[in-house]
Amino acid sequence: MAGLNLKHIYKKYPGGVVAVTDFNLEIRDKEFIVFVGPSGCGKSTTLRMIAGLEEISEGELYIGDRLVNDIAPKDRDIAMVFQNYALYPHMTVFENMAFGLKLRKVPKDEIERKVNEAAKILDLSHLLDRKPRAMSGGQCQRVALGRAIVRSPKVFLLDEPLSNLDAKLRAQMRTEISKIHKKLGTTFIYVTHDQTEAMTMADRIVCMKDGFIQQIDTPQNLYNEPVNKFVAGFLGSPMMNFIDATLKYEREYDQFIVEFGKERGKTFEIIVPESKVTSELQSYVGKEIILGVRPESIHEEEMYISNATTGVIDCQVEITEMMGAEIYLYLICSGIPMTGRVNSRSTIRPGDEIRVAIDPNRIHIFDKETEKTIVN
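First things first, this report covers the structure right here in the doc. (Residues numbered from 1 in each chain as written. Predicted model: local features only at pLDDT ≥ 70, side-chain atom pairs only at ≥ 80, totals over all residues. Heavy atoms only, no water.)

**Here we look at the state of the cysteines**
Inspection of the entire model under this criterion finds 1 disulfide. Put simply, cysteine 315 and cysteine 333 are joined by a disulfide, and their sulfur atoms are 2.3 Å apart. Here the S-S torsion is close to 90 degrees, and the disulfide linking cysteine 315 with cysteine 333 is therefore right-handed. Here cysteine 315 is found in strand E16 (residues 312–322), whereas its partner cysteine 333 is found in strand E17 (residues 326–333), with 18 residues between them in sequence. The same class applies to cysteine 315 as to cysteine 333, namely buried. Considering cysteine sulfurs only, cysteine 207 is the nearest to cysteine 41, which forms no disulfide, with 7.9 Å between them. We classify cysteine 41 as buried; its relative accessible area is 1%. (Disulfide = S-S within 2.5 Å. Helix = DSSP H or I, 4+ residues; strand = E, 2+ residues; numbered from the N terminus. Buried < 20%, exposed > 50% of the residue type's maximum accessible area, 1.4 Å probe, protein only.)

In structure tokens form, the structure reads like this:
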């Protein structure tokens, strides 16, 4: 088994295009790491450099203690699972899974043992004689995983492996891949643009944008303590509300207050809780800032509103979306669009005029120019 170390990795293409810039990451042995970010952020390029399918322009890549920059992909002891399965259509499941071992001249009885072991882990034992065309997308994806598992690699690389599956299968396969990772006890590096996959599967997430790492942390920390507006907006569904606001300071009460809506005719205020006040806040007094509020921090229950001492605002409901266990409310508050996430028992309907309370203990504040986080 092995950890990986990526030191100052760059990927530069002819014409001055830089796809990945100064990528630094230490991946522990047996860790499940997810690279997440929008299309074109450099996550798949980084994965392909680890695999040896793309040349590293600058920097050093270590697998274990071994520098592998100039080592051929087949000699890196890694296995890659692609988005499109890449199965041989004329071969059975058994033959597809055994193919790489046959090329390596592995003895026949060992091939049989390894394929049967992998098939058992992946619940494919009853499908070993089938060909890919007679199987579902989820089954084909498990065969692609099986082909990687039989090689017992030090590192698994998975490039958007679930993006071709429907929503229900994706949810099932997320669980399956997590189980496989625990059973095998191997290092997994997984690329996705789907933040739900990242949040549910990863030990740590590497959030990327425009070839740069934005933040590396656990799913919980990335969600609760994003370092900038991009990370805050990328993780979470529905995404965080971002509201143009101004920071005020009331000397009499020694309070910082976030004020918004003024230019639209009605002013709303949220007192910044003492626990969130930092020394940095003073330098933003009188300046424009961005207020960040997650949809679940907007409450419409009367009990919550009547007990709220700050952050109560009037809204009109534009649209409601029933999601089963919860309802998404699309609101307009003094001309400002907001999204709330409330209990499915709510009786709110489109067109309703309502009051909601923003939980001040859950607000985020960002620098308007740099978009860096000031308060989490």
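**Structural notes on the nonpolar core**
Counting 48 residues, the largest nonpolar core has Met97, Leu145, Leu158, Ile177 and Tyr190 as the members making the most contacts within it. It is helix H4 (residues 137–149) that provides the largest number of residues to this core, a total of 6 residues. What leucine 158 contacts, discounting residues up to four positions off in sequence, is Leu47, Val81, Leu145, Ile177, Phe188, Ile189, Tyr190 and Val191. In this structure, Val272, Leu291, Val293 and Val375 belong to the second largest nonpolar core, which totals 33 residues. (Core = buried A, V, L, I, M, F, W, Y, C linked by side-chain atoms within 4.5 Å. Contact = heavy atoms within 4.5 Å.)

**Comments concerning the sheet that holds strand E8 (residues 187–192)**
With mixed pairing, the 6 strands of this open sheet are ordered in space as E6-E7-E8-E3-E9-E10. If you trace the sheet from one side to the other, it starts and ends with strand E6 (78–81) and strand E10 (212–217), each paired once. The sheet shows a mean angle of 15 degrees between the axes of neighbouring strands, direction not considered. Both strand E3 (residues 32–36) and E8 contribute to a ladder of 5 bridges, which runs parallel. What sits directly across from phenylalanine 32, in E8, is phenylalanine 188. Docked against the sheet, H4 engages E6 and strand E7 (155–159), running at close to 170 degrees with respect to E6. (Pairing = 2+ DSSP bridges. Axes fitted to C-alpha atoms, helices over the stretch in contact; angles between N-to-C directions.)

**Considerations on H4**
Its 13 residues give H4 an end-to-end C-alpha distance of 18 Å, which sits within 8% of 18 Å, the value for a rise of 1.5 Å per residue. In terms of burial, H4 is largely enclosed, as 12 of its 13 residues are buried. Turning to H4, its buried residues are Gly138, Gln139, Cys140, Gln141, Arg142, Val143, Ala144, Leu145, Gly146, Arg147, Ala148 and Ile149. (Expected span 1.5 Å × (residues − 1).)

**A look at the packing of aromatic side chains**
Applying the stated criterion to the full structure yields 9 aromatic pairs. Summarising the aromatic geometry, the rings of phenylalanine 32 and tyrosine 190 are spaced 5.9 Å apart at their centres and angled 40 degrees between planes, so their arrangement reads as tilted. Of this pair, phenylalanine 32 sits in strand E3 while tyrosine 190 sits in strand E8, placing them 158 residues apart in sequence. Tyrosine 190 shares its class with phenylalanine 32; the two are buried. Aromatic pair phenylalanine 260 and phenylalanine 268: ring centres 5.7 Å apart, planes at 50 degrees, arrangement tilted. Comparing phenylalanine 260 with phenylalanine 268 shows no difference in burial state: the two are buried. Here the aromatic cluster, defined as three or more aromatic residues joined through ring pairs, consists of Phe32, Phe156, Phe188 and Tyr190. Directly above the aromatic system of tyrosine 284 lies the positively charged group of lysine 287, at a separation of 5.7 Å from the ring centroid. The lysine or arginine in question, arginine 294, covers the ring of tyrosine 223, its NZ or CZ lying 3.8 Å from the ring centre. (Phe/Tyr/Trp six-rings, centres within 6.5 Å; stacked < 30°, edge-to-face > 60°. Lys NZ or Arg CZ within 6 Å of the ring centre and 35° of its normal.)

**Overview of the packing of helix H2 (residues 93–103) against H4**
Two elements in contact, H2 and H4, have axes whose closest approach is 8 Å; the angle formed by their N-to-C orientations is 30 degrees. At the point where H2 passes H4, the crossing takes the right-handed sense. In this structure, H2 contributes Val93, Asn96 and Met97 to the contact, and H4 contributes Val143, Gly146 and Arg147. (Left-handed = near helix turned anticlockwise from the far one by under 90°.)

**Some words on the pattern of salt bridges**
What the rule picks out here adds up to 16 salt bridges. For lysine 266, the salt bridge identified is with aspartate 314, shortest N-O distance 2.5 Å. A residue pair is termed long-range when its members are at least 10 positions apart, and lysine 266 in the loop between strand E12 (255–260) and strand E13 (268–271) and aspartate 314 in strand E16 qualify at 48 residues. A relative accessible area of 40% means that lysine 266 is categorised as partly exposed. Residues joined in a network through salt bridges with shared partners are Lys11, Arg48 and Glu54. (Salt bridge = Lys/Arg side-chain N within 4 Å of Asp/Glu carboxyl O.)

**Concerning the layout of surface pockets**
If you add up the space inside the largest pocket, you get close to 520 Å³. Forming the boundary of the largest pocket are 20 residues, of which Ala79, Met80, Phe82, Arg147 and Arg151 lie nearest the centre. Contributing elements (two or more residues each) for the lining of the largest pocket: E6, H2 and H4. Tallying contributions element by element places E6 first for the lining of the largest pocket, with 4 residues. For the lining of the largest pocket, the per-class residue count stands at 15 nonpolar, 1 polar and 4 charged. (1 Å grid on protein atoms, 1.4 Å probe; cavity = no way out; pocket = protein on both sides within 12 Å on 5 of 7 lines; lining within 4 Å. Points joined across faces, edges and corners; volume = space filled by probe spheres on them. Nonpolar A, V, L, I, M, F, W, Y, C, P; charged D, E, K, R; others polar.)

**Details of the packing of H4 against helix H5 (residues 167–184)**
Here H4 crosses H5 at 20 degrees, and the two axes come no closer than 11 Å. Taken together, the axes of H4 and H5 are roughly parallel relative to one another. Where H4 crosses over H5, the handedness of that crossing is right-handed. Contact with H4, carried on its side by Gly138, Gln141, Arg142, Leu145 and Ile149, involves Leu169, Met173, Ile177, Ile180 and Leu184 of H5 and no other residues of that element. (Parallel < 35°, antiparallel > 145°, perpendicular 65-115°, else oblique.)

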